[in-house]
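Letter by letter, the chains look like this.
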Amino acid sequence: MTVEAQVLPTPIGPLALLAREGVVVAAGFTADPQEMFVRLPPALRALDLVVTDDLGPSARAVQDYLDGDLKALDSVEVTQPGTPKRQRLLDALRQVPPGVTVSYAELAERAGLPRTAARAAGGACAQNLIAPFVPCHRVLPSTGGFGGYYYGVPVKRWLLTHEGALLP
């Protein structure tokens, strides 16, 4: 049993994809898959990390997304740990379409939680292991600006511009 990894070039820097049995378990803007691997749950970290040249459908989906098929990442199967509430938030996040942004309070509402659960929505985004497949970049603070993003505001801005949520 292994976790397979592939590093893909993107216009905003390398994207490391990690998958187990074809299901994406981590993705992030780094050239070093180990940076993502150490964030995985212990059961996955107990497996070997093997770098491959082609993760198949998930890698093709990234290329299609970069080529302009903004919904290409939506069909890729992903899994990550979390409480039932966090899973609801992550599922709601995957339903936010490209070109659309929501506030943390709106994300909470989309997950069936009260708007006051905005902090929980922010926590789910902060702990998201599968960017940009689980598009936490589409969440902006209601007070304006970009808020935080694990891979930096320039990456978040590029993703939002690529998706048409921001003007170039």
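Everything that follows concerns the structure shown earlier in this document.
Read on for an overview of the structure. (Residues numbered from 1 in each chain as written. Predicted model: local features only at pLDDT ≥ 70, side-chain atom pairs only at ≥ 80, totals over all residues. Heavy atoms only, no water.)

## Looking at the side chain of Thr-10
Tracing the backbone shows Thr-10 in the loop between strand 1 (2–8) and strand 2 (15–20). Within the structure, Thr-10 has its side chain in polar contact with the backbone oxygen of Gly-13 (distance 2.4 Å). Not counting chain neighbours up to four residues away, the residues in contact with Thr-10 comprise Leu-15, Phe-29 and Leu-66. (Helix = DSSP H or I, 4+ residues; strand = E, 2+ residues; numbered from the N terminus. Polar contact = N/O pair within 3.5 Å; in protein donor to acceptor, adjacent residues only side chain to side chain. Contact = heavy atoms within 4.5 Å.)

## Thoughts on the pairing of strand 2
Among the six residues of strand 2, five are classified as buried, and the element is accordingly described as predominantly covered. Strand direction decides the pairing type here: strand 1 and strand 2, joined by five bridges, are antiparallel. Within strand 2, the position partnered with Glu-4 by the bridge is Ala-19. Here strand 1 folds back onto strand 2 in antiparallel fashion, the turn holding six residues, of which Gly-13 has a positive phi close to 115 degrees. Between strand 2 and strand 3 (residues 23–28), which pair antiparallel one after the other, the connecting turn spans two residues, and Glu-21 there sits at a positive phi close to 50 degrees. (Buried < 20%, exposed > 50% of the residue type's maximum accessible area, 1.4 Å probe, protein only. Pairing = 2+ DSSP bridges.)

## Examining the sheet that holds strand 2
A sheet is described by the order of its strands in space; here four strands give the open sequence 3-2-1-4, paired in mixed fashion. The sheet terminates laterally at strand 3 and strand 4 (48–51), the two strands that pair on one side only. For this sheet, the mean inter-axis angle between neighbouring strands, taken without regard to orientation, is 25 degrees. Docked against the sheet, helix 3 (residues 57–66) engages strand 1, strand 2 and strand 3, running at close to 150 degrees with respect to strand 2. (Axes fitted to C-alpha atoms, helices over the stretch in contact; angles between N-to-C directions.)

## Examining the packing of helix 4 (residues 84–94) against helix 6 (residues 118–126)
For the pair helix 4 and helix 6, the least separation of the axes is 9 Å and the interaxial angle reads 75 degrees. By the angle between their directions, the pair helix 4 and helix 6 is classed as roughly perpendicular. Contact with helix 4, carried on its side by Lys-85, Arg-86, Leu-89, Leu-90 and Leu-93, involves Ala-120, Ala-121, Gly-123, Ala-124 and Cys-125 of helix 6 and no other residues of that element. (Parallel < 35°, antiparallel > 145°, perpendicular 65-115°, else oblique.)

## Things to note about helix 3
Note: α-helices contain 3.6 residues per turn, so residues at a spacing of three or four share the same orientation. Considered for burial, the residues of helix 3 that qualify are Ser-58, Ala-59, Ala-61, Val-62, Tyr-65 and Leu-66. Viewed along the axis of helix 3, the buried residues span an arc of 155 degrees, placing them on a single side of the element. After helix 3 finishes, the residue Gly-68 shows a positive phi value of roughly 115 degrees. (Arc of directions from axis to C-beta.)

## Considerations on the packing of aromatic side chains
A full pass over the atoms with the stated rule returns three aromatic pairs. Centre to centre, the rings of Phe-29 and Tyr-151 are 5.8 Å apart; their planes meet at 75 degrees, and the pair counts as edge-to-face. In this pair, Phe-29 sits in the loop between strand 3 and helix 1 (33–37) while Tyr-151 sits in the loop between helix 6 and helix 7 (153–162), placing the two residues 122 residues apart along the sequence. Residue class for Tyr-151 comes out buried when judged on its relative accessible area of 15%. Both rings, one in Tyr-149 and one in Tyr-151, keep their centres 5.8 Å apart while their planes meet at 70 degrees; by these two values the pair is edge-to-face. Each member of the pair, Tyr-149 as well as Tyr-151, is classed as buried. (Phe/Tyr/Trp six-rings, centres within 6.5 Å; stacked < 30°, edge-to-face > 60°.)

Purely spatial values, then, with no claim about function.
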